[in-house]
Amino acid sequence: MNLHAKMLGYAGLLPFIGMPLLISMEYLTVFQGTLYFCQYSAIILSFFGGLHWFDALQNNRHSHQIYVAMLPSIVAWFCLAFLSPGLTITILAISYVLMLIYDLRYLDMPEGYNKLRIKLSTLVLICHGISYFLYV
């Protein structure tokens, strides 16, 4: 796996880790930090849909894949627009798990990607759990 891809993947964790830290250190209110956390999480979840959109158009391996590609952004938007922050954190976390399972099954990615993805997703889920408990 490309070193730059790994570095950028880990750098993408900074807002997930940073928001709970900034709340804990009282640099942000719980409301602000949770809002920013949810917004960032929704953006990153939507990014995973983009992987499937590209793969579906490029490789056309699975007829359902182009439809699944749209789900992360729709779920993320719906959560931000209509749900409470606690429920948003929960649904986004579940969505990350479901996308990871789907990605491992249907995406044919470069060597090392799946291992990196599992590590990053695990850390993202831990941050969702911490954010949820800070919020409630």
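Higher on the page you've got the structure.
Thresholds applied
- Each chain has its residues counted from 1, running along the sequence as written.
- Totals for whole chains, interfaces and linings use every residue, but because this is a predicted model, local features are given only for residues with pLDDT of at least 70 and side-chain atom pairs only at 80 or more, for both listing and counting.
- Where side-chain values are given, they derive from all heavy atoms of the structure, hydrogens and water being excluded.
- To define a nonpolar core, start from buried Ala, Val, Leu, Ile, Met, Phe, Trp, Tyr and Cys residues and group those joined through side-chain atoms within 4.5 Å.
- In this scheme, a residue with accessible area under 20% of its type's maximum is buried, one over 50% is exposed, and one in between is partly exposed, where area comes from a 1.4 Å probe on protein chains only.
- A run of H or I in DSSP becomes a helix once it reaches four residues, and a run of E becomes a strand once it reaches two; helices and strands are each numbered from the N terminus.
- Think of each axis as a best-fit line through the C-alpha atoms, taken over the contacting stretch in the case of a helix, with angles from 0 to 180 degrees between the N-to-C directions.
- Reported orientations rely on four angle classes, namely roughly parallel under 35 degrees, roughly antiparallel over 145, roughly perpendicular from 65 to 115, and oblique for the rest.
- Contacts were defined at the residue level, with two residues in contact if any of their heavy atoms lie within 4.5 Å.
- Charged residues are taken to be Asp, Glu, Lys and Arg, nonpolar residues to be Ala, Val, Leu, Ile, Met, Phe, Trp, Tyr, Cys and Pro, and polar residues to be all remaining types, Gly included.
- Each patch is built from residues that are more than 30% exposed by relative accessible area and take part in no salt bridge. Like charges join if they lie within 9 Å; nonpolar side chains (Val, Leu, Ile, Met, Phe, Trp, Tyr) join within 5 Å.
- Throughout, the Shrake-Rupley method with a 1.4 Å probe supplies accessible areas, and for residues the shown protein chains are the sole cover considered.
- By definition, a salt bridge exists where a carboxyl oxygen of Asp or Glu is found within 4 Å of a side-chain nitrogen of Lys or Arg.

Turning next to the nonpolar core. Counting residues in hydrophobic clusters, the biggest one holds 21 residues, and the most contacted among them are Phe16, Phe37, Leu45, Phe48 and Tyr96. If you list the elements that add at least two residues to this core, you get helix 2 (14-24), helix 3 (30-59), helix 6 (85-106) and helix 7 (113-135). Looking at this core, the element that brings in the most residues is helix 3, giving six residues.

It is worth spelling out the packing of helix 2 against helix 3 at this point. Direction vectors running N to C along helix 2 and helix 3 enclose 175°, while the axes themselves pass 9 Å from each other. Here helix 3 runs roughly antiparallel to helix 2, going by the angle between their axes. On the side of helix 2, the interface is formed by Pro15, Phe16, Met19, Pro20 and Ile23, while helix 3 contributes Val30, Gly33, Thr34, Tyr36, Phe37, Tyr40, Ser41 and Ile44. Taken together, the residues of the contact of helix 2 with helix 3 break down into 10 nonpolar, three polar and no charged.

What follows is about a nonpolar patch on the surface. A grouping of Tyr10, Leu123, Ile126 and Ile130 is seen on the molecular surface, where their side chains present a nonpolar patch of about 340 Å² in accessible area. In terms of residue count, helix 7 provides more of the nonpolar patch than any other element does, three residues in total. Looking at the secondary structure, you find Ile130 in helix 7.

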